[in-house]
4 protein chains.
Amino acid sequence: MPGNAFGQAFTFTTWGESHGPALGCVIDGVPPQIPLSEADLQGWLDARKPGQSRYTTQRRESDTVRILSGVFEGLTTGTPVCLMIENEDQRSKDYSDIKDKFRPGHADYTYLAKYGVRDYRGGGRSSARETAARVAAGGVARRVLEQLLSPAPLIRGALVQMGPHRIDRANWDWDQVGANPFFSPDAKAAETWADYLDGVRKAGSSAGAVVEVVAENVPAGLGEPVYDKIDSDLAKAMMSINAVKGVEIGNGFAAAATPGEDNADQMRMVGDAPTFLTNNNGGTLGGLTSGQPVVCRFAVKPTSSITIPRQTVDRFGQEVEVSTKGRHDPCVGIRAVPVGEAMMALVLCDHLLRHRGQTGALGPVTPAFDEN
Amino acid sequence: MPGNAFGQAFTFTTWGESHGPALGCVIDGVPPQIPLSEADLQGWLDARKPGQSRYTTQRRESDTVRILSGVFEGLTTGTPVCLMIENEDQRSKDYSDIKDKFRPGHADYTYLAKYGVRDYRGGGRSSARETAARVAAGGVARRVLEQLLSPAPLIRGALVQMGPHRIDRANWDWDQVGANPFFSPDAKAAETWADYLDGVRKAGSSAGAVVEVVAENVPAGLGEPVYDKIDSDLAKAMMSINAVKGVEIGNGFAAAATPGEDNADQMRMVGDAPTFLTNNNGGTLGGLTSGQPVVCRFAVKPTSSITIPRQTVDRFGQEVEVSTKGRHDPCVGIRAVPVGEAMMALVLCDHLLRHRGQTGALGPVTPAFDEN
Amino acid sequence: MPGNAFGQAFTFTTWGESHGPALGCVIDGVPPQIPLSEADLQGWLDARKPGQSRYTTQRRESDTVRILSGVFEGLTTGTPVCLMIENEDQRSKDYSDIKDKFRPGHADYTYLAKYGVRDYRGGGRSSARETAARVAAGGVARRVLEQLLSPAPLIRGALVQMGPHRIDRANWDWDQVGANPFFSPDAKAAETWADYLDGVRKAGSSAGAVVEVVAENVPAGLGEPVYDKIDSDLAKAMMSINAVKGVEIGNGFAAAATPGEDNADQMRMVGDAPTFLTNNNGGTLGGLTSGQPVVCRFAVKPTSSITIPRQTVDRFGQEVEVSTKGRHDPCVGIRAVPVGEAMMALVLCDHLLRHRGQTGALGPVTPAFDEN
Amino acid sequence: MPGNAFGQAFTFTTWGESHGPALGCVIDGVPPQIPLSEADLQGWLDARKPGQSRYTTQRRESDTVRILSGVFEGLTTGTPVCLMIENEDQRSKDYSDIKDKFRPGHADYTYLAKYGVRDYRGGGRSSARETAARVAAGGVARRVLEQLLSPAPLIRGALVQMGPHRIDRANWDWDQVGANPFFSPDAKAAETWADYLDGVRKAGSSAGAVVEVVAENVPAGLGEPVYDKIDSDLAKAMMSINAVKGVEIGNGFAAAATPGEDNADQMRMVGDAPTFLTNNNGGTLGGLTSGQPVVCRFAVKPTSSITIPRQTVDRFGQEVEVSTKGRHDPCVGIRAVPVGEAMMALVLCDHLLRHRGQTGALGPVTPAFDEN
């Protein structure tokens, strides 16, 4: 596949440009008999939607999703689900400035190098607007997961760092995530970030961020050795989000500095169930889920579209300066939270179906403790 | 594909267990007319081979690679290249200890949960011994890259952190990498690490590490938007290596704390060529290579096989202790260096062929500066 | 991939049901800089469109295709091309008859067996209406082929048998194909078929057919050993068309009765070029194109939707009779001609890009005669 | 994937040349806990093995298969199964004749056109020797099918035509298939063929054939709309066998001449079960299995390696004659019977696992008759 698809059993292909008539995705491999409606998906899109606070781009898009196929009388039929979102606020502005200049940190230069042609309007295909299609697909994945698994997996994300400011993990409260414009689980950090981001915005600068996504109630045994480890597919999924430059599972880079005896998650029995005393490995061992929460973090670089003038060249080989006016997120990491959740749902759904195909089960294939 | 293959145009599938008769890989998609011999591959395998210093496992394997197909009179024929490495030092030891116990931090528990059966001898398929096949495949990828591209890409790796001890980047010297048993580019750090690792080993503990792989002379435009970004595929590739828990490209997690104007790599002309003033993005923009060095780092957790006793359970639901005797690497990160290099070569080779398929070119499809 | 996609380098995924709001496809892997407009595609769709003579279904669809992505200022950009065709004439008729009954020869029973649910309106996903999306995709493939190859491949199809009546090959005239409502290359056969099909239609019966598709100007060397032979992919492509039950390449089944010395295509030099004296192998040898015309034939079974009552059962386990009224093609083989052409174009385009990826060439990789 | 692999859930990749050291395959996606030994596979290989009668090539190969991975203590572990067969009777003969000449009907010319290089020894990768690996993989697929399904599918093949001589279907007796050197289900036809083939052989000619493969006890609902229909994948599978030029399902090409009311398979209830009165569609409807026997036929062209001299050219552009001496099958169709069976098993196994992945079931997902 040429690169715009993800997943092997639950495969979605996205299409569309930032300023084209519409964008969307086709999901091939949706199990049949899953209740699904546009209302099931719209909530997730609304969470990602631009223009909801002064901290995100002011582009106005309702991001209304339509289901064009694969659902009949409220149930999926097992055939491809096509989802479409029409673009509504493509401004017919003058693009002459970015038409010829390569904005530092953007894909302008590399798309031209790859294809010899590019749709420069709003970043074209490289725009983060593409992630709306992922979030829609993620909504379908969530429906599948909750229908097939009991208890249903709980997939939640949060912003844990903005610019240099990290949350205090002692303050973590999932209920706070929806109560501030930053998806912060730490109410206090949200206040700090508000001030910080106002300053960044006024300075014409931008801020990076770190997002954490956690999936609970994931059965043990998902993932495929060796190359399609759950870790590898999560890494690929998260790294495919615009502006992401780092991914870690569990302790991640901190594991490098931890002694082996501290990093290995010890086990005890709790009633009949084997239980881990810690979750340094972030819910995966050997690339397979362990039954513990799957914990994934990713770093989002600061938005490259800033008004502070930067040195660059244009496609005529002239040295120029560029200052990106337009409507942009001062911290794209914020809206990456629902995207990260969607990617987690998509990876888990894909692996659940793959696991079922090979083993016939949705969780551990045999009780681990059936022999003596 | 069920998970033991990697790559879409240059696709390799690995097979084999730690204590089976042999392991190897099949590479489908090798371009024809590439000079290739076993000698071309053996050097890379020797770099990864165990037992070369007191800092790696004492298992004795010559890791001699045989080419079983796809090469005729010294040239690849375009048909699948099968590579085989026979296991030589599988000890017929008593596995009764780890046969039933789940070693903390290992894949023992999750493999059993997934499959209901497992080859417990030396970790079976989850053993890092599988990486020998990757290194062999990576050797083929290197041959392809150097035949197709001029100048040939230069792919090199180094250990940049062991346990809590990082190198001093001011001391970076590629020539040092082959001069110490740690692939350290910093001679001084190598000394520190030697002492540190001796202590770790004596204590029956283990150490994590961070590896950095750099590819130079990579043309601009490789990678596929949106899901098969060069970054995403590198993240997947590196995260698929045993014990890896984090991956970053360029500045990685540090980018989150950097202001936008500092992180965006500005451009100037140097003669006729557009040039970047910095490489914070690690050689990729929008998921495509920019022509700058591709820089990837990954974190390796400390080996889970340690002699310090750890609490665990066995498959009969009994709470037990386990202490892994065997022959193990106190720091698996060391031997991950040649594996990381191999994965970089494999990702680049795969994307080079994919790029050629879609665009007909091996680098930028048109001069970026042909218009005025 | 779960089954609604085709092609590895030029990958298209179709979606949509017969009576849903729309149908379409996403093509991932279109090379950049190919001139493409909706007008380039509409002509092919018009050839397949229903309701153009009394010999095809009277459903009225303009089959107007829209390009939703992947084209900018008249050129493909290398990003996914999404094509959409809105359904216009879904009759809100009473489906109660076929809602519960399994029409003999249809997919009604098997879709229910597979999914436990089905969209019974007009056959849902199993309707031949899906082939409109293929024809649109095939139009894109033709544009790519004609831009990349010179001379451009010439891909044409014809009906060579209707019911028991075959054409006389001595009468073959490509110009006749567009001059009768049957795509017959034999004007005389077209007259016979007209009478025959009128009779079939009046009797409430239906007729099968055989379609032949020929591709000229195809370079030697396309196709991939061993499983993705050009023959295998053509067989798969044609057999995936609704109602197709047989495929042959070149002499096909007749080869079984031919002595070896007659079947092997001998070669001579014509000027500097090696030339074949016959084309019994239909343009392929060892699964790779030989440079001769690629010749593929496929058998289409008679439409299962007939008004003659047939015995069946319903989903409540009752024995019933069914007579399909609706609007149906008395010979679906007719409209399968443009679909077969499209599939030929799609297979060749996919293999052209794959060949280029592996070898760097669009035709023979080296002159076959450069040595002495 | 570049072409040497088949299957999406049960994926096998073959490697090896006719005169290399060995050939084999890797199967990725084998379900765990399937009893498997080399003895389970050897019988199928013996049926295909050369040199068993005067009607097949006299090359002496024991075709002894070794399992190199994926099996532990007699059970599959869910990890890749690598199978290897060492070549034993590669004659170090003088290949100078076929080294430079393009044998008519062979892949000599097209492989050189594709790759610019070829392993001419015994046909290299294009040799039917590759099919030994398929038969081995097919043996694994049979084990999986019989473990997962009850009753186990019964997959059998037979030769139904040799040269111009067809069997009399009234004489069909499966027990005869193993009782003659032609896999003929008609004892009388076997006698005719013996005489016929002796004559062909003495004349230095060769004969084509038609093979029929039937799979019984296949549950309803296997196959994936639209492109991965069970029919399409069977067509691809069979057409990928060396020398195959035509494939049909059920009535195949004969359906084109059959009136719709005769071709549609009517249904009645037999007890609680819906039953078909005929099987004109060969066990598939809409690309999905119907529960009836899956019936597939394929045409094998006469061996191109004949001693009757033929006109050709060499790679220096000289017009020459060629007469293939070597050891060859006068009718390759005979040994294609076990290969066709293997491909049927492989397709069914792959689709069984895919079906289970999407629907969670191994057969019809819900009783078709659960409502009223």
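Parameters at a glance
- Residues numbered from 1 in each chain as written.
- Chains lettered and ligands numbered in written order.
- Predicted model: local features only at pLDDT ≥ 70, side-chain atom pairs only at ≥ 80, totals over all residues.
- Heavy atoms only, no water.
- Helix = DSSP H or I, 4+ residues; strand = E, 2+ residues; numbered from the N terminus.
- Rg over C-alpha atoms; globule rule 2.2 N^0.38 Å.
- Buried < 20%, exposed > 50% of the residue type's maximum accessible area, 1.4 Å probe, protein only.
- Areas by Shrake-Rupley, 256 points an atom, 1.4 Å probe, with all protein chains shown as cover.
- Lys, Arg positive; Asp, Glu negative; His and termini not counted.
- Charge placed at Lys NZ, Arg CZ, Asp CG, Glu CD.
- Contact = heavy atoms within 4.5 Å.
- Buried area = accessible area lost by both parts, 1.4 Å probe.
- Salt bridge = Lys/Arg side-chain N within 4 Å of Asp/Glu carboxyl O.
- Polar contact = N/O pair within 3.5 Å; in protein donor to acceptor, adjacent residues only side chain to side chain.
- Nonpolar A, V, L, I, M, F, W, Y, C, P; charged D, E, K, R; others polar.
- Disulfide = S-S within 2.5 Å.
- Pairing = 2+ DSSP bridges.
- UniProt positions renumbered as here; feature names shortened; annotations may be inferred.
- Least-squares fit on C-alpha atoms with pLDDT ≥ 70 in both.
- Axes fitted to C-alpha atoms, helices over the stretch in contact; angles between N-to-C directions.
- Parallel < 35°, antiparallel > 145°, perpendicular 65-115°, else oblique.
- Left-handed = near helix turned anticlockwise from the far one by under 90°.

K.L.:
Help me get a handle on the overall build of chain A, residues and values and all.
P.N.:
A count of helical and extended segments in chain A gives nine helices and 18 strands. Whereas a compact globule of 372 residues would reach a radius of gyration of roughly 21 Å, chain A reaches 21 Å, a difference of no more than 12%. Seen along its three principal axes, the alpha-carbon backbone of chain A occupies a region of about 75 × 50 × 40 Å. Expressed as a percentage of the 372 residues in chain A, the buried residues total 70%. Split by element, the accessible area of chain A, about 11000 Å² in all, is 48% carbon and sulfur. Taken together, the 38 basic and 44 acidic charged side chains of chain A have centroids lying 8 Å from each other.

K.L.:
Run through the interface of chain C and chain D, naming residues and quoting values.
P.N.:
If you look at the interface, chain C gives 114 residues, while chain D gives 114 residues. Taken as a group, Lys114(C), Tyr227(C) and Lys245(C) account for 10% of the area that chain C buries against chain D, more than any other trio of residues on that side. For the interface between chain C and chain D, the tally reads 10 salt bridges. For the pair chain C and chain D, the interface holds 62 residue pairs in polar contact (both at pLDDT 80 or more). Looking at which element gives the most residues to the side of chain C that touches chain D, the answer is helix H3 (residues 108–115) of chain C, with seven residues. Its residues assigned to classes, the side of chain C that touches chain D shows 52 nonpolar, 38 polar and 24 charged.

K.L.:
I'd like to hear about the state of the cysteines, residue by residue, with values.
P.N.:
By definition, a disulfide is the covalent link that joins the sulfur atoms of two cysteine residues. Evaluated as defined, the whole model comprises zero disulfides over all chains. Note on Cys296(D): no disulfide assigned, nearest cysteine sulfur contributed by Cys296(C) at a separation of 15 Å. Accessibility expressed as a relative area gives 0% for Cys296(D), which makes it buried.

K.L.:
Report on the sheet that holds strand E3 (residues 22–28) of chain A, specifying residues and quantitative values.
P.N.:
All names here are of chain A. Strands sit in the order E1-E2-E3-E7-E4 across an open sheet of five strands; the sheet is antiparallel. The sheet is open, and its two edges are formed by strand E1 (5–6) and strand E4 (65–67), each paired on a single side. The pairing of strand E2 (residues 11–16) with E3 spans six bridges and is classified as antiparallel. Paired with Gly16 across the two strands is Leu23, which belongs to E3.

K.L.:
Please set out the UniProt feature "binding site: NADP(+)" (unreviewed entry) in chain A residue by residue, giving values where relevant.
P.N.:
All names here are of chain A. The UniProt entry lists Arg48 and Arg54 under the feature "binding site: NADP(+)" (unreviewed entry), expressed in the numbering used here. Relative to the elements of secondary structure, Arg48 occurs in helix H1 (residues 38–48). The residues touching Arg54, leaving out its near neighbours within four places in the chain, are Asp198 and Arg201. In this structure the side chain of Arg54 is engaged in a polar contact, spanning 2.6 Å, whose partner is the side chain of Tyr55.

K.L.:
Let's hear about the relation of the copies chain C and chain D: which residues, and what values?
P.N.:
For the pair chain C and chain D, the relating rotation is 180°, the translation along its axis is 0.0 Å, and the fit reaches an RMSD of 0.0 Å. Viewed as a symmetry operation, the transformation between the two copies matches a two-fold axis. Most of the interface of chain C is mirrored in chain D, where 100% of its interface residues are also at the interface.

K.L.:
An account of the interface of chain C and chain B is needed here, citing residue identities and associated values.
P.N.:
Listed as interface residues are 14 residues of chain C and, on the opposing side, 14 residues of chain B. Each partner contributes to the roughly 1000 Å² buried at the junction of chain C and chain B, and carbon and sulfur atoms together form 48% of this total. Across the contact surface, chain C and chain B share zero salt bridges. Remark: the boundary between chain C and chain B carries nine residue pairs in polar contact (both at pLDDT 80 or more). In the side of chain C that touches chain B, the residues fall into five nonpolar, eight polar and one charged.

K.L.:
Break down the environment of Val177(D) for me, citing the residues and quoting the values.
P.N.:
All names here are of chain D. Residue placement: Val177 occurs in helix H5 (residues 174–177). Overall, the relative accessible area of 11% leaves Val177 in the buried class. Spatially, the C-alpha atoms of Val177 and Leu159 are 8.4 Å apart, while their sequence positions differ by 18 residues.

K.L.:
Can you break down the pattern of salt bridges residue by residue, with the values?
P.N.:
Inspection of every chain in the model, using the stated rule, returns 108 salt bridges over all chains. Between Asp63(B) and Arg129(B) there is a salt bridge, and its shortest N-O distance comes to 2.8 Å. Of this pair, Asp63(B) sits in the loop between helix H1 (38–48) and strand E4 (65–67) while Arg129(B) sits in the loop between helix H3 (108–115) and helix H4 (131–148), and the two are 66 residues apart along the sequence. The residues Asp63(B) and Arg129(B) share a single accessibility class, namely buried. The salt bridge involving Glu212(D) is made with Arg297(D); its shortest N-O contact spans 3.3 Å. Of this pair, Glu212(D) sits in strand E10 (residues 209–216) while Arg297(D) sits in strand E16 (residues 294–300), and the two are 85 residues apart along the sequence. Accessibility classification places Glu212(D) together with Arg297(D) in one group, the buried group.

K.L.:
Please set out the side chain of Glu261(C) residue by residue, giving values where relevant.
P.N.:
The residue Glu261(C) is located in helix H7 (residues 260–263) in this model. Notably, Glu261(C) is buried but unbridged: the nearest opposite-charge side chain belongs to Arg310(D), and the N-O separation is 6.7 Å. When residues no more than four places from it in sequence are discounted, the contact partners of Glu261(C) are Ser205(D), Ser206(D), Ile306(D), Ile308(D) and Arg310(D).

K.L.:
Please provide a residue-by-residue account of the packing of helix H4 (residues 131–148) of chain C against helix H8 (residues 332–359) of chain C, values included.
P.N.:
Residues and elements named next belong to chain C. At a minimum axis distance of 8 Å, the contact between H4 and H8 shows a crossing angle of 45°. Considering their axes alone, H4 and H8 lie oblique with respect to each other. Crossing of H4 over H8 shows left-handed handedness. Where H4 abuts H8, its residues Thr131, Arg134, Val135, Ala137, Gly138, Ala141, Arg142, Val144, Leu145 and Leu148 lie against Pro338, Val339, Glu341, Ala342, Met343, Ala345, Leu346, Leu348, Cys349, Leu352, Leu353 and Arg356.

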